[in-house]
Amino acid sequence: MNTCTLVTGAAGFTGRHLVGFLRGQAGGKVIATGREAGDGIMGLDLSDPEEVRQAIGRIRPSRIFHCAGRFTNVWESDFPANVGWTRHVLEAVREHDPACRVLLIGSAAEYGTPPEGPVAESAPLHPVTIYGVTKAMQTMLMGYYHRSAGIDVVMARTFNLFGPGCSPNLFPGRVAAQVARVRQGAQVKIELRSLSSRRDFLPVEDAVRAYARIMDHGRSGEVYHVGSGSPVTMRKLLQRLLLGSGLTMDDVTTGADDPTKSNVPEIYADLTKLNALPGGEPDRP
């Protein structure tokens, strides 16, 4: 199929893997965008609505994977990125490219502390972090533009990812950064908080394949979970991340959770909707 696909946030963790995957597929042009141009990336400042409108009006992509966003748990950072940038993209599509299909990247953080068991997309959104609140707002934006303007938009609500280049703001990336410092002699041990919570982790390579399935087959206006569907303790994940590093659990010190932060003991995805799409079940870790 001859398509023009635009990827925002292409310099980020997920965006880089997604662009590599899409460019490995047959047919179509893939335009990678980021705040700074270079290394195969077109510069696009998503905070500037006029620049976004001009770019989308000029390129007229048939598909947009909107991967750009921030995860800092700081209002001044996360709100303009996760809400404002999404609005600018959807407004530009509404004005200049209404036939374009858009995929947004949501987050399990929108659920906060869910009931026991696998979480379905129909579960209520009760975020307990600033980041989660901004991603829930993004979901509401999606519904608004789909209902009021007929925008063809779907969402991949992602749980937790790991893989090469993971941000140090996320647990796997934080571990990787500390492993490097320990091996360099810059610190004595890896220092982490409690490892008892259970999370749903998926390799980023599997996630980007799921994003492509949702883009190709997901129903407009719907949310689809992307995850492994199985919870794993942070301790077991850490053991996996340490494989091949030359370090062991003896090189790790742990402390109590930060009492000033909301800690969710367990959350994992119900993948029924995703698995019903053509393409089969995603690979699991």
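Quick caveat: nothing in here was measured; it's all calculated off a predicted structure.

Peer 1: How would you sum up the sheet that holds strand β11 (residues 231-233)? Please name residues and give values.
Peer 2: Pairing in this open sheet of three strands is mixed, and the strands run β7-β9-β11 from one edge to the other. Looking along the sheet, the strands with just one partner apiece sit at the ends: β7 (160-162) and β11. Taken pair by pair, the neighbouring strands of this sheet meet at an average axis angle of 60 degrees, ignoring direction. Pairing analysis gives three bridges linking β7 to strand β9 (residues 198-203), with the strands arranged parallel.

Peer 1: Could you give me a rundown of the layout of surface pockets, with the residues and numbers involved?
Peer 2: Roughly 250 Å³ of volume is contained in the second largest pocket. Surrounding the second largest pocket, 16 residues form its lining, L22, Q25, A26, R63 and D216 being those nearest its centre. Going through the elements one at a time, α1 (13-23), β2 (29-34) and α6 (204-217) are the ones with two or more residues in the lining of the second largest pocket. Per-element tally for the lining of the second largest pocket: the top contributor is α6, with four residues.

Peer 1: Which residues make up the nonpolar core, and what values do they have?
Peer 2: One finds V7, F65, L103, Y211, I214 and V226 to be the most contacted residues of the largest nonpolar core, which totals 29 residues. In terms of residue count, α6 provides more of this core than any other element does, seven residues in total. Leaving out residues up to four positions away in the same chain, V226 has contacts with A156, R157, T158, F159, L202, A207, A210, Y211, I214 and L271. The next biggest cluster of nonpolar side chains, apart from the first, holds 28 residues, and it includes L6, V83, A92 and I151.

Scoring rules and cut-offs
Residues numbered from 1 in each chain as written. Predicted model: local features only at pLDDT ≥ 70, side-chain atom pairs only at ≥ 80, totals over all residues. Heavy atoms only, no water. Pairing = 2+ DSSP bridges. Helix = DSSP H or I, 4+ residues; strand = E, 2+ residues; numbered from the N terminus. Axes fitted to C-alpha atoms, helices over the stretch in contact; angles between N-to-C directions. 1 Å grid on protein atoms, 1.4 Å probe; cavity = no way out; pocket = protein on both sides within 12 Å on 5 of 7 lines; lining within 4 Å. Points joined across faces, edges and corners; volume = space filled by probe spheres on them. Core = buried A, V, L, I, M, F, W, Y, C linked by side-chain atoms within 4.5 Å. Buried < 20%, exposed > 50% of the residue type's maximum accessible area, 1.4 Å probe, protein only. Contact = heavy atoms within 4.5 Å.

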